Amino acid sequence: MMRKYIIKSIWLLAIFFWFSASILGQEQTIKGIVVDSNGEPLPGVSIAIKGTSSGTITDVDGNFMVEAAPSDVLQFSFIGFNNLEVPVEGNTFLNIVMEESLVALDEVVAIGYGRAKKSDLTSSITSVKGEEMKTMSVGNPVEALQGKAPGVQVVAGSGHPGASPKVLIRGFTSLNLSTDPLYVVDGVPMGTNLNFLNTNEIESIEVLKDASASAIYGSRASNGVVLITTKRGEKGKTQFSADLSYGFQVFEKPYDMANATEYAEIMNQSLQNAGLDERFPDPASLGEGTDWWGEGVNKVSPQRNFSFQASGGNEKHRFAVSLNYYDQESFYNSGNWQKFTARLSSDWEFADWISAGVMVNPRREAWDDTPYWYQDYLLIDPITPIYRPVEEQAGLNEYSIYQRSYYTYVWNPIARDARQFDEGGYYALGANAYAEIKPVKDLVFRTQISGDFKFSHDDDFEPDFVIDGAHEKNEINYVYRSHNFNSYWNWTNTLTYSLETNGHSASVMGGATFEKWNERYINGTKDGIPNNSDPLREINAATENPEVNGNSSETSIESFLGRVSYNYLNRYYVTATYRVDGSSKFLDNNKWAAFPSVSVAWRISDEDFMSGISFIDDWKLRAGWGRLGNQNLPSNVYTSSIGQDYYVFGPGEGSLVNTTYPSSMKNEDIKWETVEDINLGTDFTLFRNHIDGSLEYYQKKTKDMIFQLPYPNYSGYPNDAKIWSNVGSMKSQGMEMALNYHNHVGRLKYDLGVTFTTVAVEATDLPDITPVVYGDNEYTRTVEGDEPGYFYGYKTDGIFQNPFEINAHANEHGALLQEYAQPGDIRFVDVNGDGELNGEDRTKIGSPWPDFTGGVNVRLAYDRFDLVANVYASVGNDIVNWVKGDLYNTESSDNNVISGLLDKAWHGENTSNEYPRVSHTDLNQNFSRFSDFYVENGSFVRLKNIQLGYSLPQPVLERIGLTKCRFYVSGQNILTITGYDGVEPEVSGDNVLNFGFSGWTYPVLPTYLLGVNITF
């Protein structure tokens, strides 16, 4: 009887639990409305059922409807408002009020070997979310950072496929060493080029701008640090997303060049002005001539950017997968750049006290080297045809059938394009694995080991051809191949202890890192392949002049670091860091260097005396000091190096003998450059968080600046032998500001942001042996007390209009300052007034450094439409426009020139005071003398990106099985406002001393895109 009772009871309990579960699990229709704190409805709020990919969004009146079970939890999210979780708990109607939180002070950001709340920062750190970056389709993520981070100057410099932008954080601190910041991806230093990353892989970017933030990276942080955090898996149902865009760049002909008839007329006039006979008796008979640009340059080039992501996980395991492909073609028959990247991460939480994870990043980059000679399509004379006459092509190989330019030394550009066989690329694999152990409460030990391995290759083939027997030819073909293997590994261990009690909050971190780089390369060339066919383009197929080179190098750094952070009542903050680096680049007496920093902050808004000021939501003052290092110099400067050369010995023709010579001299006392930095700043939010921003002053001083100094002549060493030395100092200072306004009016939500940065750099001390530092060809100059790398040349004072003005340009003795000048030539200024015009009259004629840079960033959302716009500006910088020396100069070269030149150039009294006369002789050195004739105002404002998107409504998404689907059209770099007359106003340079020179730079081009973002 008892047994039957027990069985019956069990069945009843089972039925009860089954019934309860079925009631709790049964989905029902939940309706509701979402409003803000003022009762205004919020359209477009995302509503998700926690732990699933199901959900909906609110309509234009804030209403929503979703199918959910009583046990489900609804997650509400909307940009600018606090996320909200609401349990259903049997309710069928929900009235949801979302609170504005337009500035996420509780947001956690990366700070270097750790993370911290944004509200607790004592240093100058700018954070940019990955979602902001992915609104642009770019090959290098740094391009999308332009104008979004105050204090960060991003200079594209070239629209060339695969080009890496130049980044300056708060100016620069060195004349001779690299100015690139340190890039750290997921805690691993990754060099100075982020081409291997796709914007869709990025969770956030933090830019550490001052020493108090960057000193934790010690000897490599003087140019600032950029921390990139990539996306990892999150708990919840597996979610898939795809981001696809296809578009094209547009390359309009930058200048309207003279056709054949006009070219002949201009050359005739130029010859006549030089006292020479005309060359073309009947210019009109030549007609339009050859349209080289139209025949050899494509107007558009495709761009493709495809990305696929999957992520998910549970309480114990999370994963993320990202696959990305980017492809950019050139405007020629040859040349393109493509990259494939993948990122796979997996994180495990084995117990409350131990977790681990691994990330693998395989990648491939390949390029068919894009030609840089698009100017040749403009400068070659328009009279020459592309090909030789058919009857002259018999017996010639396919690379010799082209016509040599009749009048210029410009090589046939279409023939050059056909001979372009330079291909390169690399295969690489990056990986890191970590483990976190919490042996006791509030104590965390983290160990991470990382490696990156890269195999690069390059193949070049130059066929034999003869287009012109004396000039344009290569009589013997050759093949070149190189292989380069680079490896890097890093082992980092940190121990962090955190404590919070009675208003006190403290954190202590200590750690050590060990890093090592290895490089091995070998390359070889050989001449004389039997023919130019593709299968024979191998070194073993060649027969003559073998040459091989190879070497290896190794460097390492061992570091010990620590950080102490403390705050009281979230009101008074202090942070101190200390890092000691030991580098293999220095000998024992200078191997180790210490890099300390300290910063403090005071949240004034929490003080009692601020309680009556209602419009201030949060206000914090910050101050910081620190020391940073720069060790970006070769790995063996403490040893002398030997160069290789050839010398002919013996009588007559002699014999060729291999020789060696001292190419650089050792300096056993070489040490780091050191940068000392101070920073004063304030962060604020106002008017119920509708306005937020920051304002900062910074100053950086460099000492022990590293120079390559020449040896004195009496030393007996060659004149070009250099020695690396620690001499000189410099200083940079400036202001930066960020201001943002967020609000919504009915269905319209908008975010407006402005960034503003000034930088002033001064060379404060230079070595006695080199009191003046020149750039290439002495076109720039650096002296104590002035900005580095300013343009150095002659000043001009218009055009001589008649002989009287030439005669009046004389010294006190009546001697002409420009004895070869004729009316129509440029008048140069005797700056020092000594009655002579010579090199002593060169002076400062411009500066490549802007007075300020800034950006304007706009986000609008209305119903299902959204609009993003980013504008960047550089104001006050000058540019050297070398193109003017080609477009307006007819001296001896006979290159084609700009259309309308005879009207623009001086051709009679008062016809021009800007462009000199055309002439086949230039005894006055109008064009060959570097002067302010070439210097132009380089200020510009550029619409970097504008994107309009539309998201499909929820009913449509449900029918097609998607969670989100957004279509967009985008235009990048489609509008540039500038007074600069050159090809591209956004230019950089290979180093600080050669910045701001713009010739036939591959321009930053307009890009038009169609794309779609899908989540399912």
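Residues numbered from 1 in each chain as written. Predicted model: local features only at pLDDT ≥ 70, side-chain atom pairs only at ≥ 80, totals over all residues. Heavy atoms only, no water.

Take Asn 881: it is sitting in strand S49 (residues 878-881). Using a relative accessible area of 1% as the deciding quantity, one classes Asn 881 as buried. Apart from the residues lying within four places of it in its own chain, the contact partners of Asn 881 are Tyr 934, Glu 936, Tyr 980, Asp 981, Gly 982 and Ser 998. (Helix = DSSP H or I, 4+ residues; strand = E, 2+ residues; numbered from the N terminus. Buried < 20%, exposed > 50% of the residue type's maximum accessible area, 1.4 Å probe, protein only. Contact = heavy atoms within 4.5 Å.)

Attention now moves to the pairing of strand S20 (residues 336-351). Pairing of strand S19 (residues 317-329) with S20, which is carried by 13 bridges, proceeds in the antiparallel orientation. Bridged to Gln 328 within S20 is Trp 337. Counted along the chain from S19 to the antiparallel partner S20, the turn is six residues long, and its residue Gly 335 has a positive phi close to 105°. When S20 meets strand S21 (residues 354-368), the two strands line up antiparallel, connected through 13 bridges. Looking at the pairing, Leu 344 lines up with Val 360 of S21. Taken together, S20 and the strand that follows it, S21, pair antiparallel across an intervening segment of two residues. (Pairing = 2+ DSSP bridges.)

Right, let's talk about the sheet that holds strand S42 (residues 780-782) for a bit. Taken in spatial order, the four strands of this open sheet run S41-S42-S43-S46, and their pairing is antiparallel. The sheet is open, and its two edges are formed by strand S41 (773-774) and strand S46 (843-846), each paired on a single side. As paired elements, strand S43 (residues 790-793) and S46 share three bridges and run antiparallel to each other. When the sheet's bridge partners are listed, Tyr 792 is paired in S46 with Lys 844.

What follows deals with the layout of surface pockets. By volume, the second largest pocket amounts to about 1,200 Å³. What lines the second largest pocket is a set of 44 residues, and nearest its centre among them are Met 190, Gly 191, Thr 192, Asn 486 and Trp 517. Those elements giving two or more residues to the lining of the second largest pocket turn out to be S21, strand S23 (443-462), strand S26 (478-501), strand S27 (504-527), strand S28 (544-568) and strand S31 (616-630). Examining the composition of the lining of the second largest pocket, we find that five residues originate from one element, S28, more than from any other. (1 Å grid on protein atoms, 1.4 Å probe; cavity = no way out; pocket = protein on both sides within 12 Å on 5 of 7 lines; lining within 4 Å. Points joined across faces, edges and corners; volume = space filled by probe spheres on them.)

What follows covers the confidence of the model for the chain. Averaged over all residues, the pLDDT of the chain equals 89, while 94% of them reach at least 70. With pLDDT under 50 throughout, residues 1-6 is counted as low confidence; its partners more than four residues away or in other chains account for zero contacts. Overall, residues 9-25 carries pLDDT values under 50, and its contacts beyond four positions in sequence, including any with other chains, amount to five contacts. (pLDDT = per-residue confidence, 0-100.)

What follows is about the nonpolar core. Counting 59 residues, the largest nonpolar core has Tyr 255, Tyr 377, Leu 887, Leu 901 and Trp 1000 as the members making the most contacts within it. Elements that contribute at least two residues to this core include exactly helix H4 (260-273), helix H5 (292-296), helix H6 (376-379), helix H7 (413-418) and strand S45 (826-828). For this core, the element with the most residues is H4, which contributes five residues. Sequence-distant contacts of Trp 1000, that is, excluding residues within four places in its chain, are made with Tyr 255, Tyr 374, Gln 375, Leu 378, Leu 379, Val 883, Asp 886, Leu 887 and Val 983. In terms of nonpolar packing, the next biggest core, distinct from the first, is built from 27 residues, Met 136, Val 142, Val 154 and Val 167 among them. (Core = buried A, V, L, I, M, F, W, Y, C linked by side-chain atoms within 4.5 Å.)

What follows deals with the packing of aromatic side chains. Taken as a whole and assessed by the stated rule, the structure comprises 51 aromatic pairs. Arranged with centres 6.1 Å apart and planes meeting at 70°, the rings of Tyr 794 and Phe 828 form a pair that is edge-to-face. Taken together, the residues span a long stretch of sequence, with Tyr 794 in the loop between S43 and strand S44 (796-799) and Phe 828 in strand S45 at a distance of 34 residues. Across this residue pair, the class does not change: Tyr 794 and Phe 828 are buried. With a centroid separation of 5.0 Å and an interplanar angle of 55°, the aromatic rings of Trp 882 and Tyr 934 are classed as tilted. With a gap of 52 residues between them, Trp 882 in the loop between S49 and helix H9 (884-887) and Tyr 934 in the loop between helix H10 (901-904) and strand S50 (935-937) connect regions that are remote in the sequence. The ring of Tyr 426 has Lys 454 sitting right over it, with the charged end atom 4.3 Å from the ring centre. A cation over an aromatic ring shows up here: Lys 884 above the ring of Phe 933, its NZ or CZ 4.2 Å from the ring centre. (Phe/Tyr/Trp six-rings, centres within 6.5 Å; stacked < 30°, edge-to-face > 60°. Lys NZ or Arg CZ within 6 Å of the ring centre and 35° of its normal.)

This paragraph deals with the pattern of salt bridges. Considering all chains together, one arrives at 43 salt bridges under this definition. Taking the shortest distance from any N to any O, the salt bridge between Glu 315 and Lys 235 comes out at 3.2 Å. Of this pair, Glu 315 sits in the loop between strand S18 (300-313) and S19 while Lys 235 sits in the loop between strand S16 (225-230) and strand S17 (236-250), and the two are 80 residues apart along the sequence. Linking Asp 459 and Arg 481 is a salt bridge whose minimum nitrogen-to-oxygen distance equals 2.5 Å. Taken together, the residues span a long stretch of sequence, with Asp 459 in strand S23 and Arg 481 in strand S26 at a distance of 22 residues. Overall, the relative accessible area of 23% leaves Asp 459 in the partly exposed class. A cluster of three or more residues bridged by salt bridges with shared partners is formed by Arg 170, Lys 209, Arg 622, Asp 683, Glu 696 and Glu 736. (Salt bridge = Lys/Arg side-chain N within 4 Å of Asp/Glu carboxyl O.)

Take Gln 644: it is sitting in strand S32 (residues 641-649). Residue Gln 644 is classed as exposed on the basis of its relative accessible area, which comes to 68%. Sequence-distant contacts of Gln 644, that is, excluding residues within four places in its chain, are made with Thr 659 and Tyr 661.

All right, on to the sheet that holds S50 then. Spatially, S50-S49-S53 is the arrangement adopted by the three strands of the open sheet, whose pairing is mixed. With partners counted over all chains shown, the strands left at the sheet margins are S50 and strand S53 (997-998), one partner each. Bridge count between S49 and S53: two bridges; the pairing is parallel. Paired with Asn 881 across the strands is Ser 998, a residue of S53.

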